[in-house]
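Here is what each chain is made of, one letter per residue.
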Amino acid sequence: MEIRALGGQGLEVGVEGLGLMGMSAHYGATDDTESLATIDRALELGVTLLDTAEGYGPFRNEQLLGRALSGRRDAAVVATKTGVEFTDDGAFRGHNGTPDYIRRSADRSLRHLGTDHIDLYYLHRVDPAVPVEESVGAMAELVEAGKVRHIGLCEVSPATITRAHAVHPLTAVQTEYSLFERGIEHDGVLDTLRELGIGLVAYSPLGRGFLSGAITSPDDFAADDFRRTDPRFQGENFRRNLAVVDQVRRLAAEKGVTPSQLALAWTLQQGAVPIPGTKRRRYLEENVAATAVTISAAERAAIDAVAPHGVASGDRYAPELMASLNG
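Residues numbered from 1 in each chain as written. Predicted model: local features only at pLDDT ≥ 70, side-chain atom pairs only at ≥ 80, totals over all residues. Heavy atoms only, no water.

Asker: Would you mind going over the pattern of salt bridges with me for this structure?
Answerer: Pairing between side chains of opposite charge can happen when their charged atoms approach one another. Considering all chains together, one arrives at 27 salt bridges under this definition. Residues Arg 72 and Asp 40 are paired through a salt bridge, measuring 2.1 Å at the closest nitrogen-oxygen approach. Of this pair, Arg 72 sits in the loop between helix H2 (60-68) and strand E5 (77-82) while Asp 40 sits in helix H1 (residues 32-44), and the two are 32 residues apart along the sequence. By relative accessible area, Arg 72 is classed as partly exposed at 30%. We classify Asp 40 as partly exposed; its relative accessible area is 30%. (Salt bridge = Lys/Arg side-chain N within 4 Å of Asp/Glu carboxyl O. Helix = DSSP H or I, 4+ residues; strand = E, 2+ residues; numbered from the N terminus. Buried < 20%, exposed > 50% of the residue type's maximum accessible area, 1.4 Å probe, protein only.)

Here is the structure:
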């Protein structure tokens, strides 16, 4: 797999990463054996950026990744996140971007990951009660201490990116970006990242599985799958979004690739490093094959015609989660 510079601070990663959240939380039943095999296969295929967070589980996902990398820590670029508080026994407490919590959670993540450093440490959500300069200042101290090598933010506004970057250079910003979610092209985020030389990591590049073309009914989800409460998977929104997916599926078939591969190839062409999440080797292999897919100008125009900005029906999260975005 091709290696790409992520941002302008010296971090290099495979052009496609792997999101690990679903291996431990939010997407139905989990299988650690298959998850570990999937991580093994990812490394074999040249995937280096492995994305987790202390809140995935909570803690179980970091611990799983620590097991996967035992004895071969340098094979991966480990990204994890802070700023959403959990007690040591896993109780959720809300946002916490205070320097004290960031320091404590970093040490806890290092223990769970079984490592002495985090390659890319994100502020998962901006705490509205704490100036972002204070949170980023604490993360910068972790860099100085050698516990963290690079820092980033998740789901933030252009103004917040600029303020944070002035405190300590950001390597990456992680946000949702896909054929279903192109808001950063229009709200100034993408322009700000390019201006400041900050890398873009795209999570949910397959629209939480919608763009795989495999989802045909909300009833396909397990009872504990959070997509059952996602507005884009509800009622008329679901039917409208499925019609968009049908058009993406048609374009993919004309090109001789899967819908997932077309969607990921498009994201890669935008200069993003996508981190599609999966907990199964067969989907990982399909996703990685997208790195060899090229999209012509005519194909790009056809994709833009069926999946323009704002094409998805419904908000991308339930209201209480939408309120935590774009800090």
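Now that the structure is up, let's keep going.
Asker: What should I look at first to understand the packing of aromatic side chains in this one?
Answerer: Pairs of aromatic rings are described using the distance from one ring centre to the other and the angle between the two planes. Following the criterion strictly, the structure yields 9 aromatic pairs and no others. Note on Tyr 27 and Phe 226: the rings are 5.4 Å apart at their centroids and 85° apart in plane angle, and the pair reads as edge-to-face. Taken together, the positions of Tyr 27 in the loop between strand E3 (18-19) and H1 and Phe 226 in the loop between strand E11 (199-203) and helix H7 (235-255) put the pair 199 residues apart, joining distant regions of the chain. Centroid distance Phe 210 to Phe 233: 4.6 Å. Interplanar angle 15°. Geometry classified as stacked. One end of the pair, Phe 210, is in the loop between E11 and H7; the other, Phe 233, is in the loop between E11 and H7, with 23 residues separating them in the sequence. Taken as a pair, Phe 210 and Phe 233 share a single burial class, namely buried. Aromatic rings pair up to connect Phe 180, Phe 210, Phe 221, Phe 233 and Phe 238 into one cluster. (Phe/Tyr/Trp six-rings, centres within 6.5 Å; stacked < 30°, edge-to-face > 60°.)

Asker: Explain the packing of helix H3 (residues 99-113) against helix H4 (residues 132-145) here, please?
Answerer: The description of two packed helices rests on the angle between their axes and on the distance between the axes. One way to put it is that H3 packs onto H4 with a least axis distance of 8 Å and a crossing angle of 35°. The hand of the H3/H4 crossing is right-handed. In this structure, H3 uses Pro 99, Ile 102, Arg 103 and Ala 106 to contact H4, whose residues at the interface are Glu 134, Ser 135, Ala 138, Met 139, Glu 141 and Leu 142. Classifying every residue of the contact of H3 with H4 gives 6 nonpolar, 1 polar and 3 charged. (Axes fitted to C-alpha atoms, helices over the stretch in contact; angles between N-to-C directions. Left-handed = near helix turned anticlockwise from the far one by under 90°. Contact = heavy atoms within 4.5 Å. Nonpolar A, V, L, I, M, F, W, Y, C, P; charged D, E, K, R; others polar.)

Asker: Would you take a moment to explain the environment of Gly 19 for this structure?
Answerer: Positionally, Gly 19 belongs in strand E3. Along the sequence, Gly 19 and Tyr 203 sit 184 residues apart, while their C-alpha atoms lie 7.5 Å from each other. When neighbours within four sequence positions are excluded, Gly 19 is seen to be in contact with Asp 51, Ile 275, Pro 276, Gly 277 and Thr 278.

Asker: Is there a simple way to explain the sheet that holds strand E8 (residues 118-123) in this structure?
Answerer: Strand pairing in a sheet relies on backbone hydrogen bonds. The paired strands run either parallel or antiparallel. Pairing is parallel in the open sheet, where 8 strands are placed in the order E3-E4-E5-E8-E9-E10-E11-E12. Each having just a single partner strand, E3 and strand E12 (273-274) make up the two edges of the open sheet. Relative to strand E4 (residues 49-51), E3 runs parallel, the two being bridged by 2 bridges. Of the residues in E4, the one forming a bridge with Leu 18 is Leu 50. (Pairing = 2+ DSSP bridges.)

Asker: Explain helix H6 (residues 189-196) to me, please; I cannot follow it from the model alone.
Answerer: In an α-helix, one turn spans 3.6 residues, which is why side chains three or four residues apart end up on the same side. Turning to H6, its buried residues are Val 189, Leu 190, Thr 192 and Leu 193. Mapping the buried residues of H6 onto a view down its axis gives an arc of 160°, with all of them on the same face. Those residues of H6 that are exposed and angled more than 90 degrees off the buried face are Asp 191, Arg 194 and Glu 195. Buried-residue contacts for H6 involve helix H5 (158-167), strand E10 (172-176) and E11. Trailing H6 by a residue or two, Gly 197 shows a phi angle of about 70°, which is positive. (Arc of directions from axis to C-beta.)

Asker: What is the right way to look at helix H8 (residues 259-269) in this model?
Answerer: With 10 of 11 residues buried, H8 lies mostly within the body of the structure. Looking at H8, one finds that the buried residues are Pro 259, Ser 260, Gln 261, Leu 262, Ala 263, Leu 264, Ala 265, Trp 266, Thr 267 and Leu 268. Backbone geometry just downstream of H8 places Gly 271 in the positive-phi region, at approximately 90°.

Asker: Would you mind going over the confidence of the model for the protein chain with me for this structure?
Answerer: When pLDDT drops low, the exact placement of atoms in the prediction is not to be read closely. Per-residue pLDDT for the protein chain averages 96, and the proportion of residues at 70 or more is 100%. When pLDDT is averaged over each element of the protein chain, E4 comes out on top at 99 and helix H11 (residues 319-322) at the bottom at 79. (pLDDT = per-residue confidence, 0-100.)

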